[in-house]
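# Results of the structural survey
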Amino acid sequence: VENKATLDLVQEQHSVPPELVLSILVIETKLGDFLGKGTAFNNLAGMATCSEYAHVADYINKFNPTEDQKQWIETKIKSKADWAYKELLALIEYGQRNSLDPTTLPGSIYGAIGLCQFMPSNALTLGRDGDGDGLVNLYSAPDAIMSIGTFLADAGWNNDLSKKKKIKVIKRYNPDDYYAKMVLLLAGKISKSPLAD
């Protein structure tokens with residue numbers, strides 16, 4: 001395996017099994033084959049600038065929302081725009097710190113970046129240099145692998161956790177129950193033994 005040394009180091013430093021890291025990489029980006037449509041910068045900027053109901057009124061009004069529904073949508077749009085703006089700033093800082101042009105980085109529709117699909121704020125706080133070049137490039141397998149291990153360790157991963165608690169830790173990565181269960185199932189298939197019973 002090309003990145004066996006980094007996977008072994010993650011297991012040694014964080015007790016995160018290699019098959020768990022590989023499972024996340026497969027599910028998130030098909031091991032880097034699909035990094036998202038468009039750039040993270042454009043996707044985040046689009047969300048950040050869509051900050052009021054008027055920006056989506058032409059689309060939403062055809063569903064005849066009530067005034068309460070319009071108010072709820074307005075609140076959600078503002079919240080999402082504020083969140084996206086903070087992530088956009090984090091993306092710019094991440095690029096500056098790591099000699100990457102933030103306007104060209106491929107990303108998900110929500111602005112997640114790299115092989116591991118970290119949000120930019122997580123890239124800043126939990127991204128790690130896995131290849132020793134002094135930079136955190138989440139499009140590099142060793143850096144993505146080390147970053148996933150760091151993220152899961154920070155979220156409380158422990159091999160002795162119950163299945164329920166392992167799912168809870170994985171849901172810090174992605175809050176969907178099915179996602180967490182799929183990560184564990186795929187990791188078990190990779191290792192040929194279940195990570196959780």
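Up top is the structure these notes are about.
These figures come from a predicted structure and were not determined experimentally.

This part is about a nonpolar patch on the surface. Taken together, the side chains of Val 26, Ile 27, Leu 31, Met 182 and Leu 185 present a nonpolar region at the surface, about 410 Å² in accessible area. Within the residue set of the nonpolar patch, elements represented by two or more residues are helix H2 (18–29) and helix H9 (177–191). What makes Leu 31 exposed here is its relative accessible area of 53%.

Of the residues making up helix H3 (residues 40–49), those classed as buried are Ala 40, Asn 43, Leu 44, Met 47 and Ala 48. Along the long axis of H3, the arc covered by the buried residues comes to 130°, so they all point the same way.

Glancing now at the nonpolar core. One finds Leu 20, Tyr 94 and Leu 152 to be the most contacted residues of the largest nonpolar core, which totals 47 residues. Looking at this core, the elements with two or more residues in it are helix H1 (4–14), H2, H3, helix H5 (67–97), helix H6 (120–126), helix H7 (141–154), helix H8 (163–173) and H9. With six residues, the single largest contributor to this core is H7. Look past the residues within four positions of Leu 152 in its chain and what remains in contact with it is Val 16, Leu 20, Ile 24, Trp 157 and Val 169. Core analysis: the next-biggest nonpolar cluster, separate from the first, contains five residues, Tyr 53, Ile 60, Ile 73 and Ile 77 among them.

Moving on, we come to the environment of Pro 120. Summarising the element assignment, Pro 120 is placed in helix H6. Taking the C-alpha atoms as reference points, Pro 120 and Pro 142, 22 residues apart in sequence, are found 18 Å from one another. Apart from the residues lying within four places of it in its own chain, the contact partners of Pro 120 are Leu 44, Glu 87, Ala 90, Leu 91 and Gly 111.

The rules we used
Residues numbered from 1 in each chain as written. Predicted model: local features only at pLDDT ≥ 70, side-chain atom pairs only at ≥ 80, totals over all residues. Heavy atoms only, no water. Patch = residues over 30% accessible without salt bridge, like charges linked within 9 Å, V, L, I, M, F, W, Y side chains within 5 Å. Areas by Shrake-Rupley, 256 points an atom, 1.4 Å probe, with all protein chains shown as cover. Salt bridge = Lys/Arg side-chain N within 4 Å of Asp/Glu carboxyl O. Helix = DSSP H or I, 4+ residues; strand = E, 2+ residues; numbered from the N terminus. Buried < 20%, exposed > 50% of the residue type's maximum accessible area, 1.4 Å probe, protein only. Arc of directions from axis to C-beta. Core = buried A, V, L, I, M, F, W, Y, C linked by side-chain atoms within 4.5 Å. Contact = heavy atoms within 4.5 Å.

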